[in-house]
Amino acid sequence: MYNDDVTAICPDCGSADVTYTSQKISCLACEFEETFGYDFAQPSAVTDALDRAKALEILKRWSFAG
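Residues numbered from 1 in each chain as written. Predicted model: local features only at pLDDT ≥ 70, side-chain atom pairs only at ≥ 80, totals over all residues. Heavy atoms only, no water.

Focus: the overall build of the protein chain
Scanning the protein chain from N- to C-terminus turns up one helix and three strands. Helices (α) and strands (β) of the protein chain occur, in sequence order from the N terminus, as β-β-β-α. The buried share of the protein chain, reckoned over its 66 residues, is 23%. Counting only contacts in the protein chain whose residues sit at least 6 apart along the sequence, the fraction spanning at least 24 positions is 29%. (Helix = DSSP H or I, 4+ residues; strand = E, 2+ residues; numbered from the N terminus. Buried < 20%, exposed > 50% of the residue type's maximum accessible area, 1.4 Å probe, protein only. Contact = heavy atoms within 4.5 Å.)

Considerations on the pattern of salt bridges
Pairing between side chains becomes possible if they bear opposite charge and their charged atoms approach one another. Under the defined criterion, the tally for this structure stands at two salt bridges. One salt bridge connects Lys24 with Glu33, and the closest N-O pair in it is separated by 3.4 Å. The salt bridge involving Glu34 is made with Arg61; its shortest N-O contact spans 2.8 Å. Placement of the pair is Glu34 in strand S3 (residues 33-35) and Arg61 in helix H1 (residues 49-61), with a sequence separation of 27 residues. We classify Arg61 as partly exposed; its relative accessible area is 41%. (Salt bridge = Lys/Arg side-chain N within 4 Å of Asp/Glu carboxyl O.)

A look at the packing of aromatic side chains
Going through the model one piece at a time under the given rule, you end up with two aromatic pairs. Here the aromatic rings of Phe32 and Trp62 are separated by 5.7 Å at their centres, their planes lie at 10 degrees, and the arrangement is stacked. Of this pair, Phe32 sits in the loop between strand S2 (24-27) and S3 while Trp62 sits in the segment after H1, placing them 30 residues apart in sequence. Here Phe32 falls in the partly exposed class, since its relative accessible area comes to 28%. (Phe/Tyr/Trp six-rings, centres within 6.5 Å; stacked < 30°, edge-to-face > 60°.)

Written out as structure tokens, the structure is:
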């Protein structure tokens, strides 16, 4: 069960003060961020499936529930 008030948790410091775009996810508390390498807003057939898999792995690491 997900808590709708917490969209993600920083894997570095555990803060829920997180912001994200279609290209990256960032912690506002400790300034840790990761770039997806895949733009969810503008997917491309040219983009390798590995880039998408990497981006999804990042979201899992951040416990993303959005």
